Amino acid sequence: MLFPAAAQESAAKETVQEQFAKRAAHLWSLQPVTRPAVPAGVTASTNPIDAFIAADYKAKGLMPAGKADRLTLLRRVYYDLIGIPPTIAEQDAFLADQSADAYEKVVDRLLADEQHGVRWGRRWLDVLRYADLDGLDGSVMPASNSIYLWRDWVIQALNHNMPYDQFVRAQILGNRYEPETASSASGRRARVEGSVEDTFALGFLARSAVTRGDKDHDVAFAAVETISTAFMGMTVGCAKCHDHKFDPITQKDFYAMKAIFDPLSLKNVMLATPAEIFANGEQLADFKKKSAPVNDAIEALVGPYRTRLYDERVALLTPDVQAVIRKPEKQRTPAEQKIADDYYPVLRVDPSKFKQIMPPEEVAKYDALVKQQRALGTVPKLASYWTVEEDKALLKQKSYILTTGDPKHPEMDKPVEPGFPFQPDNVDFSDGRREGFVEWLTAPKNPLFARVAVNRIWGWHFGEGLQRVTSDFGLLGGKPSNPALLDYLASEFVAHHYDMKWLHRLIVTSDTYRLSSKQEPAQLTKNRNIDARDTYLWHFRLQRLDAESIWDTIHYASGDLNLAVGGKSFQLTVPDQKQKIFLPKEDDFTDSHTDRRGAYLIRGYIPSTDVMNNFLTSFDVDDGRTACPIRTQTVTAPQALFTMNSDLVEQESEKLGALTLKEADGDLHAAVDAAYRRALGRKPSGAELDYGLTYIESDPARMKELAWLLFNLDEFIYVR
């Protein structure tokens, strides 16, 4: 037996790799997935999920709540699978269908609905860091004008039930198919080409660059951090500047994985036809010819004033910074160019500033010229999209560990070869770096891949994963509440060829999913004393609707939600002067169809201006800078102020009131009933009906106020 001092000396002799190998050997998530036997004799349900859950009830002494009533369950599964509530006709049809499989038929119909992809696409895009705009002041991600095509690819992939392994492969490789290469009859190996549409999936990687040259290696850094959390459930990003403090991941592992993506560069792909390209060239030449005189006149008028203000601002800087600013851009070093970029927002002279020092008569001339300039319009930009490709020159360059993660400070004495954490000895990179990594990642034997996926999907259905921290299967993430159930689902997911709709159906048709969120008081107290957090799912967790579902329901209840699938994102307001300065000029997000689903609301982050609407931020939508595995569910004053005072709720309350009156042929009794069913997915109780009729005081015009009241009930934004 070693004494403490001797034990420390022994540990010191071990290399970091040896110490981390021991950690990996004991980490539960890295152990092979084995299919456990389904517990027998614990439930009458034939769904295996219920057997595993019931075994926990028995072991813990828990009594589950009863089943949710039919309309509560219907509303729950509608929001869960397609993100919008059932119509009155759909409620009636479900209540009228007394067949044993009535609910299962609803589930199958919802999984086949094209709105399913919109709902679940938004969930996956949260994890994968989707953003319409991201970057710095004056430097916005090049892919912003076409990134919606990646979002639309995700939606269509889910609607067509693309197997999960192909879903992941396509977004890393641009090719969902395996193998990547095949041999002909003559023995010649050739690459198997993927579907053309899968190049849109590479928006996942292209999205990360904020400059066309990707000078800060944003694509490679983001690939490591996002792929490791989203698909591996490991916080590899924590090893960017030092060995991971808790998990068996070294700094070398991080940069070995980064080396897989280092050769990637941005590529712009044209979507226009040759005829459209030639026509656009002619339009552009004609536009330049017509606009040149106006542009020259504007420059001659305001140039001296702009130069004067610019020189005054430069003169306020320190001499060393002045020297950098005055140096021609091509002569600057990378460090000097960074200084110039940092001072760009300070030195920029906007019209509002130089107009302040111009004589009134010249301001009038300037405004008239600008009016002429705007009247000329613009030449529409040709459709294109951004993707990534391997650069042969970059492929030949060595990769190094970077001091503090800065690409400008590589540790030249510490080169790294392409690799990844937990890499087995037999990884084959002969088909390519990404190909070798993805082959390991998506392999059925990989203990992380299926576990992370089924746990993530489970968490979205129940509000919390079996492994509570869905993106951290490391030491700090804890252990699953029901490891046998997690491994059963993972092994069956692989056996069903990574069929995500199969998994959704299995979960939502379980008795566990169909439990009520309410329970008899005495039993509730007993269960809470045993399991206060509902870890073992003895009742259905109350869940607040996410922002998009609230947006959708407000429109849907009043009958004016546009259910078109796909297309560019939209803003709710015309960009203000500040946004016009910092947002890219060529991107137009002012779609007039602002009644579309909330999944298409623009999101992102630019330091000096607001990109996202206050509605989204109030209801806990992340901006896409970091992965969001599970949305926060806060209760705040801005949320109440939105539902009480926003123009949207005012407008839609009026529409809902008018619609229910029209459908009821002026019958106030029927109108109140319809308002409840549209807004809350159920009929009003007798007391609620009496209260509603009393509230409107026989005045049809007051149906608007009742609709407003329904939009402001807690029940409206919560799913039971």
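Above this text is the structure in question.
Residues numbered from 1 in each chain as written. Predicted model: local features only at pLDDT ≥ 70, side-chain atom pairs only at ≥ 80, totals over all residues. Heavy atoms only, no water.

Overview of helix 8 (residues 148–159)
And then number 1: Relative to the 16 Å expected for 12 residues at 1.5 Å per residue, helix 8 spans 16 Å between its end C-alpha atoms, a close match to the ideal helical length.
And then number 2: Of all the 12 residues making up helix 8, 11 are buried; the element is thus mostly covered by neighbouring parts of the structure.
And then number 3: On the buried face of helix 8, the contacting elements are helix 7 (115–127), helix 9 (164–173), helix 10 (203–206), strand 6 (384–390) and helix 22 (500–508). (Helix = DSSP H or I, 4+ residues; strand = E, 2+ residues; numbered from the N terminus. Expected span 1.5 Å × (residues − 1). Buried < 20%, exposed > 50% of the residue type's maximum accessible area, 1.4 Å probe, protein only. Contact = heavy atoms within 4.5 Å.)

Here's the deal with helix 3 (residues 48–60)
And then number 1: Over its 13 residues, helix 3 runs 19 Å from end to end, which matches the ideal 18 Å to within 8%, given 1.5 Å per residue.
And then number 2: Looking at helix 3, one finds that the buried residues are Pro48, Ile49, Asp50, Ala51, Phe52, Ile53, Ala54, Asp56 and Tyr57.
And then number 3: The elements touched by buried residues of helix 3 are helix 20 (449–462), helix 21 (483–495) and helix 22.
And then number 4: The opening residue of helix 3 is Asn47, an N-cap whose side-chain oxygen sits 2.9 Å from the backbone nitrogen of Ile49.
And then number 5: Positive backbone phi, at 80°, marks Gly61, one or two positions downstream of helix 3. (Polar contact = N/O pair within 3.5 Å; in protein donor to acceptor, adjacent residues only side chain to side chain.)

Some remarks on the packing of helix 21 against helix 22
And then number 1: Relative to each other, helix 21 and helix 22 sit at 140°, their axes nearing to 9 Å. One element, helix 21, and the other, helix 22, form an angle in the oblique class. The two elements helix 21 and helix 22 cross, and the hand of that crossing is right-handed. Between helix 21 and helix 22, the residues in contact are Leu489, Glu492 and Phe493 and Met500, Trp502, Leu503 and Leu506, respectively.
And then number 2: Here the residues of the contact of helix 21 with helix 22 are counted per class, giving six nonpolar, no polar and one charged. (Axes fitted to C-alpha atoms, helices over the stretch in contact; angles between N-to-C directions. Parallel < 35°, antiparallel > 145°, perpendicular 65-115°, else oblique. Left-handed = near helix turned anticlockwise from the far one by under 90°. Nonpolar A, V, L, I, M, F, W, Y, C, P; charged D, E, K, R; others polar.)

Digging into a nonpolar patch on the surface
And then number 1: On the surface, a nonpolar cluster with roughly 310 Å² of combined accessible area is contributed by Phe246, Leu475 and Leu476.
And then number 2: You can see Phe246 is positioned in the loop between helix 11 (218–231) and helix 12 (251–261).
And then number 3: For Phe246, a relative accessible area of 38% gives the class partly exposed. (Patch = residues over 30% accessible without salt bridge, like charges linked within 9 Å, V, L, I, M, F, W, Y side chains within 5 Å. Areas by Shrake-Rupley, 256 points an atom, 1.4 Å probe, with all protein chains shown as cover. Salt bridge = Lys/Arg side-chain N within 4 Å of Asp/Glu carboxyl O.)

Quick notes on the sheet that holds strand 1 (residues 133–136)
And then number 1: Taken together, three strands build an open sheet; the order of strands is 2-1-10 and the sheet is mixed. Of all the strands in the sheet, the pair left with one neighbour each is strand 2 (139–140) and strand 10 (604–605).
And then number 2: Where strand 1 meets strand 2, two bridges bridge the pair, whose relative direction is antiparallel. Following the sheet pairing, Leu136 is matched in strand 2 by Ser139. (Pairing = 2+ DSSP bridges.)

Don't take any of this as a statement about function, it's just geometry.
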